[in-house]
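What the coordinates show
As a plain string of letters, each chain reads:
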Amino acid sequence: MQNYQRIQRISRFMQHFCTFLIWFLPLLIISIWFVFDDLLFALVKETVAIKSDHFSFTARLLACLVNLVPVGLLVYGLSRLRDLFRLYQASQIFGQENTQALLSFARLLFAYAIAKPIASAVISVIVTFNNPPGERQLVLTLSSNDLGVFFISAVFLIIAWVMAEAHKLAQDNAQIV
């Protein structure tokens, strides 16, 4: 009984934390591209040689929109994770909905892991487009963080598949009795 109460309490916290991230992450990306110039240039100059201390509004808008694609995938994944924690809070530990929520989260996390390096490459072209010819860049990066997200998404996928099989076995056993 005490474990269920702990699961419910932590699941309620995680629901709220996922909700916070769902709102915070897109606002952070938009703020970085349009409000915090010093932070923006510090982040961009880490990977790309830019020739100006100013990005046009069009470049900012395009880069922000491209940056929001992987973040959108992550936000949708967080909404599915929040659904899973809502089920846990309601003491629904194993079920078809749980499996679907975890599977959706894992797939979206995997899609995020693929989209993030692609978006970074596109952003590198956008922010160096105003450089003189020959100095524009296409920067492809794959960081240890990206590899970690791939690994974690694979772990979640496998866990979701195992949960789906366990749910099928439980249903089969329930019909036998």
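In case you missed it, the structure is sitting above this.
As a starting point, this report considers the structure included with it. Just so it is clear, the structure is predicted and the values come from calculations on it, not from any experiment. (Residues numbered from 1 in each chain as written. Predicted model: local features only at pLDDT ≥ 70, side-chain atom pairs only at ≥ 80, totals over all residues. Heavy atoms only, no water.)

1. A short note on a nonpolar patch on the surface
A surface patch of nonpolar side chains, about 640 Å² in accessible area, is lined by Ile30, Phe34, Val35, Phe36, Phe57, Leu61 and Leu65. The element contributing the most residues to the nonpolar patch is helix α3 (residues 57–89), with 3 residues. On the secondary structure map, Leu61 appears in helix α3. (Patch = residues over 30% accessible without salt bridge, like charges linked within 9 Å, V, L, I, M, F, W, Y side chains within 5 Å. Areas by Shrake-Rupley, 256 points an atom, 1.4 Å probe, with all protein chains shown as cover. Salt bridge = Lys/Arg side-chain N within 4 Å of Asp/Glu carboxyl O. Helix = DSSP H or I, 4+ residues; strand = E, 2+ residues; numbered from the N terminus.)

2. What about helix α1 (residues 2–34)?
The end-to-end C-alpha separation of α1 is 48 Å, in line with the 48 Å expected for 33 residues at 1.5 Å each. For α1, every residue scored as buried is listed here: Ser11, Gln15, Cys18, Leu21, Ile22, Leu25, Ile29, Ile32 and Trp33. (Expected span 1.5 Å × (residues − 1). Buried < 20%, exposed > 50% of the residue type's maximum accessible area, 1.4 Å probe, protein only.)

3. A few points about the pattern of salt bridges
Enumeration over the complete set of coordinates arrives at 4 salt bridges. Taking the shortest distance from any N to any O, the salt bridge between Asp83 and Arg80 comes out at 2.9 Å. Here the residue Asp83 and the residue Arg80 both occupy positions in helix α3, the gap between them amounting to 3 residues, near one helical turn. Judged by relative accessible area, which is 22%, Asp83 ranks as partly exposed. The class for Arg80 is buried, based on a relative accessible area of 18%. Salt-bridge contacts for Lys116 lead to Asp146; the nearest nitrogen and oxygen are separated by 3.3 Å. Of this pair, Lys116 sits in helix α4 (residues 96–128) while Asp146 sits in helix α5 (residues 144–176); the two residues are 30 residues apart in sequence, bridging distant segments of the chain. Residue classification places Lys116 among the partly exposed residues on the basis of a relative accessible area of 29%. Judged by its relative accessible area of 5%, Asp146 is buried. Within the structure, one salt-bridge network assembled from shared partners comprises Arg80, Asp83 and Arg86.

4. Thoughts on the side chain of Gln15
Within the secondary structure, Gln15 is located in helix α1. Filtering out sequence-adjacent residues up to four positions away, Gln15 remains in contact with Arg82, Phe85, Arg86 and Gln89. (Contact = heavy atoms within 4.5 Å.)

5. Points about the packing of aromatic side chains
A complete count under the given rule lists 7 aromatic pairs for this structure. Judged by centre distance (5.2 Å) and plane angle (15 degrees), the ring pair of Phe20 and Phe24 falls under stacked. Here the residue Phe20 and the residue Phe24 both occupy positions in helix α1, the gap between them amounting to 4 residues, near one helical turn. Judged by relative accessible area, Phe20 falls into the partly exposed class, the value being 44%. Between Phe34 and Phe57, the ring centres sit 5.7 Å apart and the planes meet at 45 degrees, which makes this aromatic pair tilted. Of this pair, Phe34 sits in helix α1 while Phe57 sits in helix α3, placing them 23 residues apart in sequence. Given a relative accessible area of 31%, Phe34 falls into the partly exposed group. The class for Phe57 is exposed, based on a relative accessible area of 55%. (Phe/Tyr/Trp six-rings, centres within 6.5 Å; stacked < 30°, edge-to-face > 60°.)

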